[in-house]
Protein chains: 2
Amino acid sequence: MSQPILTRVACLARDAQDPLASLRERFDLPAGVIYLDGNSLGARPRAALARAQDVVAREWGQDLIKSWNTAGWFDLPKRLGERLAPLIGAGAGEVVVTDSTSLNLFKALAAAVRIQAQGEHTAARRVIVTERSNFPTDIYMAEGLTKWLERGYSVRLVDSVDELPAAIDADCAVVMLTHVNYRSGYQHDMAALTRHAHAQGALIVWDLAHSAGAVPVDLNGAEADFAVGCTYKYLNGGPGAPAFIWVPQRHQAQFQHPLSGWWGHAQPFAMAPGFASCDGIGRALCGTQPVVSLALVECGLEVFEATTMDAIRLKSLALTDLFIDLVESRCAGHPLVLVTPREHARRGSQVSFTHPHGYAVMQALIARGVIGDYREPEIMRFGFTPLYTSYADVWDAVEILKDILDRADYDVAAERGAVT
Amino acid sequence: MSQPILTRVACLARDAQDPLASLRERFDLPAGVIYLDGNSLGARPRAALARAQDVVAREWGQDLIKSWNTAGWFDLPKRLGERLAPLIGAGAGEVVVTDSTSLNLFKALAAAVRIQAQGEHTAARRVIVTERSNFPTDIYMAEGLTKWLERGYSVRLVDSVDELPAAIDADCAVVMLTHVNYRSGYQHDMAALTRHAHAQGALIVWDLAHSAGAVPVDLNGAEADFAVGCTYKYLNGGPGAPAFIWVPQRHQAQFQHPLSGWWGHAQPFAMAPGFASCDGIGRALCGTQPVVSLALVECGLEVFEATTMDAIRLKSLALTDLFIDLVESRCAGHPLVLVTPREHARRGSQVSFTHPHGYAVMQALIARGVIGDYREPEIMRFGFTPLYTSYADVWDAVEILKDILDRADYDVAAERGAVT
């Protein structure tokens, strides 16, 4: 762990030497705000406004229907997939940006289950293993799939990371895990769990919602089977922007799912009355995509091309280390408990602390311009985006937290609201 | 049928008396273009540019995560559904705007099949009946569902409208029809076919892709079961804008589908590890929606509030009658064959003609600023959007077509491209 930096001046000095500092200029952040919620909704790249205007005014308004070809609308899911691929250790022709994370997970799970059902030694396997603490929609989608498949399919919820290896047993068809937990910021060992799943005869699907653009990911290096994730958190693609799905070359010929829409057809414009799947990653596509939202994803991805995931990780760990150190030193004596792992290898790019009045404290922070968010039970989440968060931001956020706690300046009776 | 108007002056006089004429000002159409492709991609409402700027710059850029609540992002699918409902004869709380038409169709078909499977007298029914000439993705989605259900489910493709009633037999679980055919512009009798399907013990799912905003639709009046449709054609919601799904109150308690994501959960922010469906139309929701594209749908819907579907239909029929009359009189002698029904009740808001060199002629029209589109085999499609198409536009378009045909000014060797 790094040495604590215990003055604001030291933080400013760190910012002055930060090779990523200039990337903050690529984002439009409101004045007076320290934004520590990029793990929920990434900030807006400046380029996104001009891009939105261009897509709406010129591509749609002026060029109209022609833009499907001339502006490359039809190819956007693949073009964006190619730009996203290097951030997650995916190869060319292995990623598309399309639909929602929930839907992409359904496709991946359905394909994985089908592959297993056709395997000589895996046909009897009927269980999807995941964590009870996984992001709920992942569990819901697995439930939806297994209920409809009937024939004894079910979802097994595991209560702790320690119990996970044993739960991946001879009944397990597919393991479905979120790489970095949305609440705790715990990061799984992707390579080790993938190896273990394979050794047990299972396939593994990774949800990278809190990983893509946040931590280095090497899907092909880990020999993972499938992955999905969202673009509106650390990838800064815009509110609810379409999600992505990764299917490695080695699984593409077998990749089949029930959401077989015309964008996944071998010849979509032949308008044939029977479905014939295209080759390659296009198989993960279904229907027509929301072009304006999709186009803005590119503005988020462009920023990453000015740096590397290694540089981002280095700063992410420095920011989260600093935040933990400062909270524990400056706010000592207050009932804050660190939920996020101290071990670097097990930490994502967020830090969560519990506080008995976590919700109220978070509301007070937001009122003072420090935007994090709250998750039951008692968890205050702080996301750190190295592209636009400075060391001085971390210092200032902790000073405001300290002031709120020291003066008990929060309303414990405040009603609980909700943000995604 | 109306009397032919055989001079441009008469068309201009008609425009001068057109109660919808002023609505053209609500759209930004490029100069020098006669846009007859609103059945593929609707033109841009002027308001959409300012709305896009506001969503991107203020709601996303400035208000960030708070906008899920303060800008009503989370409620957008329902809010837009309420505004769309009157255009299709739907009631309050019966429509959401979400996902793609393909995906919504999958939900509706899955729910319909499940309701039938649980019915005392319908449990043995295993066939989804549709037309071979239906828009292909509808057939593909039905195929995808039936293949995954196994247990003998299949899709029955019917070759002609005349054969449809008999094909809806004692094996038929669900009828899936597109109300207005994308190629011919043929409009089914929704009320009669719905009655027939019900009399045979089947449920019926209507695809309104070429109906919503184009022709009056009365889903509740017809006692239809489910409907889906898109917002980027006659509703002018923007390229690939999210689609809609209608579930009438009477089916909502039974509405279940496998795409059970967190937006359809009774308490999405309780983050419970088990799926519990919400009540009402929210059941049709799955994952997080593309907010920027979704928000622009509202700009298209607003325009409809300045008029009525009856007024739109009156002008639509006048425009399509005029187009047919003029093509058949001014272009007489050329091998053009009308594909669209002359009978008003059977006609949508488009007119299709075949020509042996249909593709080449359409390319020549586009080069001269008359934008329609082409569909195999030999079909030139012309969509008429009463909100922004004038009688003089129709006259001018036909004169350009006549000139191209008279001078054979098209390149029969032109390579065939594709637009959606």
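Residues numbered from 1 in each chain as written. Chains lettered and ligands numbered in written order. Predicted model: local features only at pLDDT ≥ 70, side-chain atom pairs only at ≥ 80, totals over all residues. Heavy atoms only, no water.

Chemist: Quick rundown of the sheet that holds strand S14 (residues 373–375) of chain A? Include the residues and the values.
Modeler: Residues and elements named next belong to chain A. Pairing within the open sheet is antiparallel, and its four strands lie in the order S11-S12-S15-S14. Where the open sheet ends on each side, the last strands, each with one partner, are strand S11 (337–338) and S14. When strand S12 (residues 350–354) meets strand S15 (residues 379–383), the two strands line up antiparallel, connected through five bridges. Opposite Gln350, over in S15, you have Gly383 as the bridge partner. Helix H12 (residues 309–330) contacts S11, S12 and S15 of the sheet and is inclined by roughly 25° relative to S12. Across the sheet, helix H13 (residues 358–367) is in contact with S14 and S15; its angle to S15 comes to roughly 40°. (Pairing = 2+ DSSP bridges. Helix = DSSP H or I, 4+ residues; strand = E, 2+ residues; numbered from the N terminus. Contact = heavy atoms within 4.5 Å. Axes fitted to C-alpha atoms, helices over the stretch in contact; angles between N-to-C directions.)

Chemist: Go over unusual backbone geometry with me, naming the residues and quoting the values.
Modeler: Cis geometry is found at the peptide bond from Glu376(A) to Pro377(A), where omega equals -10°. Note on placement: Pro377(A) falls in the loop between S14 and S15. With a phi angle near 50°, Asp99(B) is a residue other than glycine that sits in the positive phi range. For Asp99(B), the position within the fold is in the loop between strand S4 (95–97) and helix H5 (101–117). We classify Asp99(B) as buried; its relative accessible area is 12%. We note that Arg151(B) has phi near 45°; this positive angle belongs to a residue other than glycine. Along the chain, the position of Arg151(B) falls in the loop between helix H6 (136–149) and strand S6 (154–158). (Buried < 20%, exposed > 50% of the residue type's maximum accessible area, 1.4 Å probe, protein only.)

Chemist: Explain the interface of chain A and chain B to me, and be specific about the residues and the numbers.
Modeler: Chain A puts 86 residues into the contact, and the matching count from chain B is 85 residues. Of the roughly 7600 Å² buried where chain A meets chain B, counting both sides, 70% is carbon and sulfur surface. For the chain A face of the interface with chain B, the top three residues by lost area are Trp60(A), Tyr140(A) and Trp148(A), together amounting to 12%. Put simply, chain A and chain B have two salt bridges between them. (Buried area = accessible area lost by both parts, 1.4 Å probe. Salt bridge = Lys/Arg side-chain N within 4 Å of Asp/Glu carboxyl O.)

Chemist: Outline the side chain of Lys233(B), supporting the account with residue identities and numerical values.
Modeler: Tracing the backbone through its elements, the reader meets Lys233(B) in the loop between strand S9 (226–229) and strand S10 (244–246). Aside from chain neighbours lying at most four places away, what touches Lys233(B) is Gly38(B), Asn39(B), Ser40(B), Gly42(B), Ala209(B) and His210(B).

Chemist: Pulling in residues and values, what's your account of the pairing of strand S9 (residues 226–229) of chain A?
Modeler: Residues and elements named next belong to chain A. With burial as the criterion, each face of S9 is covered, one bearing Phe226 and Val228 and the other bearing Ala227 and Gly229. Relative to strand S10 (residues 244–246), S9 is paired through three bridges, and the arrangement is antiparallel. When the sheet's bridge partners are listed, Gly229 is paired in S10 with Phe244.

Chemist: Describe the packing of aromatic side chains, listing the residues and the values that go with them.
Modeler: A full pass over the atoms with the stated rule returns 30 aromatic pairs over all chains. Ring plane angle 75° and centroid distance 5.0 Å describe the contact between Phe135(A) and Trp262(B), whose orientation is recorded as edge-to-face. With Phe135(A) in the loop between strand S5 (127–131) and helix H6 (136–149) and Trp262(B) in the loop between helix H10 (249–252) and helix H11 (291–304), the pair connects residues from two separate chains. Taking the relative accessible area as the measure of exposure, Phe135(A) reaches 17% and is therefore buried. (Phe/Tyr/Trp six-rings, centres within 6.5 Å; stacked < 30°, edge-to-face > 60°.)

Chemist: Can you break down the sheet that holds strand S12 (residues 350–354) of chain B residue by residue, with the values?
Modeler: Residue and element names in this part refer to chain B. With antiparallel pairing, four strands are arranged side by side in an open sheet as S11-S12-S15-S14. Only two strands of the sheet have a single partner each, and these edge strands are strand S11 (337–338) and strand S14 (373–375). Running at roughly 40° to strand S15 (residues 379–383), helix H13 (residues 358–367) makes contact with S14 and S15 of the sheet.

Chemist: Can you lay out the environment of Tyr388(B) for me, pointing to particular residues and giving the numbers?
Modeler: All names here are of chain B. For Tyr388, the location among the structural elements is in the loop between S15 and helix H14 (391–406). Using a relative accessible area of 2% as the deciding quantity, one classes Tyr388 as buried. Considering only alpha carbons, one finds Tyr388 and Ile34, 354 residues apart in sequence, at a separation of 9.8 Å.

Chemist: Go over the nonpolar core with me, naming the residues and quoting the values.
Modeler: By size, the foremost hydrophobic cluster in this structure holds 227 residues, and its most contacted members are Ile88(A), Leu208(A), Ile88(B) and Leu208(B). In this view, Leu208(A) contacts Ile88(A), His179(A), Met190(A), Val217(A), Leu219(A), Ala227(A), Val228(A), Gly229(A) and Phe244(A); residues no more than four positions away in its chain are not counted. Counting 36 residues, the second largest nonpolar core, distinct from the first, contains Val327(B), Leu338(B), Tyr359(B) and Val361(B). (Core = buried A, V, L, I, M, F, W, Y, C linked by side-chain atoms within 4.5 Å.)

Chemist: Go over helix H14 (residues 391–406) of chain A with me, naming the residues and quoting the values.
Modeler: All names here are of chain A. In this model H14 runs 22 Å from its N-terminal to its C-terminal C-alpha over 16 residues, within 8% of the 22 Å that 1.5 Å per residue would give. Turning to H14, its buried residues are Tyr391, Ala392, Asp393, Val394, Trp395, Ala397, Val398, Ile400, Leu401, Ile404 and Leu405. Turning to H14, the residues buried within the fold contact helix H1 (8–16), strand S2 (34–35), H12, H13 and strand S13 (370–371). At the exit of H14 stands Ala408, carrying a positive phi of roughly 50°. (Expected span 1.5 Å × (residues − 1).)

Chemist: Please give an account of the pattern of salt bridges that cites residues and values.
Modeler: The final tally for this structure, using the stated rule, is 54 salt bridges over all chains. In this structure, the salt-bridge partner of Arg368(A) is Asp403(A), at a minimum N-O distance of 3.0 Å. Within this pair, whereas Arg368(A) is found in the loop between H13 and S13, its partner Asp403(A) is found in helix H14, the two being separated by 35 residues in sequence. For Arg368(A), a relative accessible area of 34% translates into the label partly exposed. Judged by its relative accessible area of 25%, Asp403(A) falls in the partly exposed class. For Glu305(B), the salt bridge goes to Arg83(B), with nearest N and O atoms at 2.7 Å. Here the residue Glu305(B) occupies a position in the loop between H11 and helix H12 (309–330), and Arg83(B) occupies one in helix H4 (residues 76–84), the gap between them amounting to 222 residues. Relative accessible area serves as the criterion here: at 49%, Glu305(B) is assigned to the partly exposed category. Here Arg83(B) falls in the partly exposed class, since its relative accessible area comes to 25%. Via salt bridges that share partners, Arg51(A), Asp54(A), Arg58(A), Glu59(A) and Asp63(A) belong to a single interconnected network.

None of the figures reported here should be taken as evidence of function without further support.
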